[in-house]
Amino acid sequence: EQKTRGEYNFILDHRRLLFVACMKTEFIVRVSNVEPILDELLHQNVIQQESYDEIKTLSTAEEKMRELISGPLKSSGVQGKDIFYEILIENQPLLIQDLKRMDAEVSKS
């Protein structure tokens with residue numbers, strides 16, 4: 001059975017959402033440079049200036065990622081999480097590759 005482009009996009013979005021949801025602890029612990037991610041999320045209107053300013057005041061990358069994921073990103077919907085995923089691929093490509101590899105190994109067992 002052939003899938004339409006919309007169905008493929010839905011499947012892809014769903015996989016990305018699951019990946020973001022499953023790996024949020026890894027993102028919190030392993031993303032070390034949060035500022036470019038925040039900048040791009042603000043630029044793409046995923047987060048508001050107020051959230052951006054609040055998160056930037058936090059002292060560690062871990063605190064910033066925790067606040068981002070549990071706050072504005074949580075309420076950003078499918079599109080916001082998809083944009084977050086794309087930004088992570090751009091800014092943290094090796095981390096994403098490692099997490100995908102880790103995810104694939106867990107899925108096999």
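Here, the structure is the one placed above.
Here is a short report on the structure shown in this document. (Residues numbered from 1 in each chain as written. Predicted model: local features only at pLDDT ≥ 70, side-chain atom pairs only at ≥ 80, totals over all residues. Heavy atoms only, no water.)

Looking now at the packing of aromatic side chains. On inspection of all chains with the given rule, the structure shows one aromatic pair. Here Phe27 and Phe84 contribute two aromatic rings whose centre-to-centre distance is 5.7 Å and whose plane-to-plane angle is 85°, an arrangement assigned as edge-to-face. Taken together, the residues Phe27 in helix α2 (residues 24-30) and Phe84 in helix α6 (residues 77-91) connect sequence positions 57 residues apart. Across the pair, exposure class does not vary: Phe27 and Phe84 are buried alike. (Phe/Tyr/Trp six-rings, centres within 6.5 Å; stacked < 30°, edge-to-face > 60°. Helix = DSSP H or I, 4+ residues; strand = E, 2+ residues; numbered from the N terminus. Buried < 20%, exposed > 50% of the residue type's maximum accessible area, 1.4 Å probe, protein only.)

Taken together, the side chains of Glu50, Asp53, Glu54 and Glu67 make up a negatively charged region of the molecular surface. For the negative patch, the element with the highest residue contribution is helix α4 (residues 49-56), accounting for three residues. As for its placement among the helices and strands, Glu54 is situated in helix α4. Judged by its relative accessible area of 44%, Glu54 is partly exposed. (Patch = residues over 30% accessible without salt bridge, like charges linked within 9 Å, V, L, I, M, F, W, Y side chains within 5 Å. Areas by Shrake-Rupley, 256 points an atom, 1.4 Å probe, with all protein chains shown as cover. Salt bridge = Lys/Arg side-chain N within 4 Å of Asp/Glu carboxyl O. Lys, Arg positive; Asp, Glu negative; His and termini not counted. Charge placed at Lys NZ, Arg CZ, Asp CG, Glu CD.)

With that out of the way, let us pick up the packing of helix α3 (residues 35-43) against α4. The N-to-C vectors of α3 and α4 enclose an angle of 170°; their axes lie 10 Å apart at closest approach. Classified by the angle their axes make, α3 and α4 are roughly antiparallel. In this structure, α3 contributes Glu35, Leu38, Asp39 and Leu42 to the contact, and α4 contributes Gln49, Tyr52, Ile55 and Lys56. Its residues placed into classes, the contact of α3 with α4 shows four nonpolar, one polar and three charged. (Axes fitted to C-alpha atoms, helices over the stretch in contact; angles between N-to-C directions. Parallel < 35°, antiparallel > 145°, perpendicular 65-115°, else oblique. Contact = heavy atoms within 4.5 Å. Nonpolar A, V, L, I, M, F, W, Y, C, P; charged D, E, K, R; others polar.)

Oppositely charged side chains may form a pair once their charged atoms are brought near each other. All chains considered together, the criterion is met by five salt bridges. One salt bridge in this structure joins Glu26 and Arg30, with 3.4 Å as the shortest N-O distance. Placement of both Glu26 and Arg30 in helix α2 is noted, with a separation of four residues, approximately one turn of the helix. The partly exposed category is assigned to Glu26, whose relative accessible area is 24%. Its relative accessible area of 32% is what places Arg30 among the partly exposed residues. In this structure, the salt-bridge partner of Lys64 is Glu35, at a minimum N-O distance of 2.4 Å.

Once that is clear, we can look at the nonpolar core. Judged by nonpolar contacts, the single largest core of 26 residues is most densely connected at Phe27, Val31, Ile37, Leu41, Met65, Leu68 and Phe84. Elements supplying a minimum of two residues to this core: α1 (5-22), α2, α3, α4, α5 (61-70), α6 and α7 (93-108). (Core = buried A, V, L, I, M, F, W, Y, C linked by side-chain atoms within 4.5 Å.)

Below, the discussion takes up unusual backbone geometry. Positive phi is not limited to glycine here, since Asn45 has a value of about 60°. Tracing the backbone shows Asn45 in the loop between α3 and α4.

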